[in-house]
Amino acid sequence: MILEALASAVLGLVLAWAAAHRLSHRLPARPLVFSTGIAGALFGDFVTHTALGPGTAWLSLLGAAAISAASLSLLLRPAGRIRRSATA
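Residues numbered from 1 in each chain as written. Predicted model: local features only at pLDDT ≥ 70, side-chain atom pairs only at ≥ 80, totals over all residues. Heavy atoms only, no water.

By the naming in an unreviewed UniProt entry, the protein chain goes by Integral membrane protein and is assigned to Streptomyces camelliae.

I keep staring at a nonpolar patch on the surface and nothing clicks. Help me out?
Taken together, the side chains of Leu3, Leu6, Val10 and Val14 define a hydrophobic patch exposed on the protein surface, amounting to about 400 Å² of accessible area. For Val14, the location among the structural elements is in helix H1 (residues 2-22). A relative accessible area of 47% places Val14 in the partly exposed class. (Patch = residues over 30% accessible without salt bridge, like charges linked within 9 Å, V, L, I, M, F, W, Y side chains within 5 Å. Areas by Shrake-Rupley, 256 points an atom, 1.4 Å probe, with all protein chains shown as cover. Salt bridge = Lys/Arg side-chain N within 4 Å of Asp/Glu carboxyl O. Helix = DSSP H or I, 4+ residues; strand = E, 2+ residues; numbered from the N terminus. Buried < 20%, exposed > 50% of the residue type's maximum accessible area, 1.4 Å probe, protein only.)

I would appreciate a short explanation of helix H3 (residues 57-73) in the present structure.
Residues spaced three or four apart along an α-helix point in a common direction, a consequence of the helix completing one turn every 3.6 residues. For H3, spanning 17 residues, the distance from its first C-alpha to its last is 24 Å, which sits close to the expected 24 Å at 1.5 Å a residue. Considered for burial, the residues of H3 that qualify are Ser60, Gly63, Ala64, Ser68, Ser71 and Leu72. Buried residues along H3 cover an arc of 165 degrees about the axis, so they all sit on one side. In H3, the exposed positions that point more than 90 degrees away from the buried face belong to Trp58 and Leu62. (Expected span 1.5 Å × (residues − 1). Arc of directions from axis to C-beta.)

Quick question: what am I supposed to make of the UniProt feature "transmembrane region" (unreviewed entry) in the protein chain here?
The positions that UniProt labels "transmembrane region" (unreviewed entry) are, in the present scheme, residues 57-76. Within the segment residues 57-76, helix and strand shares are 85% and 0% respectively, and the terminal C-alpha atoms sit 29 Å apart. (UniProt positions renumbered as here; feature names shortened; annotations may be inferred.)

What is the right way to read the environment of Gly55 from this model?
Mapped onto the secondary structure, Gly55 falls in the loop between helix H2 (30-52) and H3. Measuring from C-alpha to C-alpha, the distance between Gly55 and Gly40 comes to 21 Å, with 15 residues separating the pair along the chain.

Shown next, in the form of C-alpha cells:
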C-alpha cells in the first residue's frame with residue numbers, strides 16, 4: 001500500500017509537471033500546481049482503493065490519475081479576454 005501511494009504521488013507529480021510545461025500561461029504559480037497534482041493523486045488513490053478494496057493497484061492508479069487531472073483542471077484560467085455583447 002505504501003508503494004501504491006508513492007506511485008500515485010509520482011504520477012501526480014508527472015501530471016502536474018506536464019500541465020505546468022504545456023499550460024504555463026494559464027496556470028498559477030508552479031508550487032501550487034505541483035502540490036495540487038500530488039494531493040489530487042493521493043486523494044484519488046485513497047478514494048479508489050477504499051471503494052474497490054485491496055488487489056486493484058492498477059485501477060487505483062487510474063483513479064489517482066483521473067482525480068489529479070480533474071483537480072489540476074480547476075486551476076486553469078481563461079486563455080484570453082472574455083467578450084461581452086453590446087446588449088449585456
